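# Overview (structure and organization)
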Amino acid sequence: MKPEEIRKLEAYFKRTFNDRMQVRARPKKDDSAEVYIGEEFLGVVFRDDEDGDLSFNFSMAILDIDL
């Protein structure tokens, strides 16, 4: 994922959810980035530009022990 996209996504997550959220590039992956609050990993956001329409999909797993 491009650095500019990561900055825009981080600004969106901070504005929408929590100002401590961070979006970080993934090593050896250019189609996704990792989302954190502080040092706690939350999930992965994927870049999808299928059919010429750009969108981003956020995937977050919630373990039953966390509930």
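Structure first, text after, so check above.
Quick caveat, the model's predicted, so the values are computed rather than measured.

## Examining the pairing of strand β3 (residues 40-48)
The side chains of a regular strand alternate between the sheet's two faces. Across six bridges, the pairing between strand β2 (residues 32-37) and β3 is antiparallel. When the bridges of β3 are listed, Ser32 appears paired with Phe46. In textbook terms, the turn of a hairpin is the stretch between consecutive antiparallel strands, and for β2 and β3 this stretch comprises two residues, one of which, Gly38, has a positive phi near 60 degrees. Relative to strand β4 (residues 55-59), β3 runs antiparallel, the two sharing five bridges. Paired with Val44 across the bridge in β4 is Ser59.

## Some details on the pattern of salt bridges
Scanning all chains against the criterion turns up six salt bridges. For the salt bridge of Asp49 with Arg47, the shortest nitrogen-to-oxygen distance reads 2.9 Å. Within the structure, one salt-bridge network assembled from shared partners comprises Glu5, Arg47 and Asp49.

The rules behind each value
Note that residues are indexed from 1 along each chain, following the sequence as it is written. The predicted origin of the model limits local features to residues at a pLDDT of at least 70 and limits the giving and counting of side-chain atom pairs to 80 or more, whereas totals for whole chains, interfaces and linings rest on all residues. As a rule here, side-chain values come from all non-hydrogen atoms in the structure, and water together with hydrogens is ignored. By the convention used here, strands pair only if DSSP detects at least 2 bridges between them. Secondary structure elements follow DSSP: runs of H or I of four or more residues count as helices, runs of E of two or more count as strands, with numbering from the N terminus. Salt bridges are defined by distance alone: a side-chain nitrogen of Lys or Arg within 4 Å of a carboxyl oxygen of Asp or Glu.

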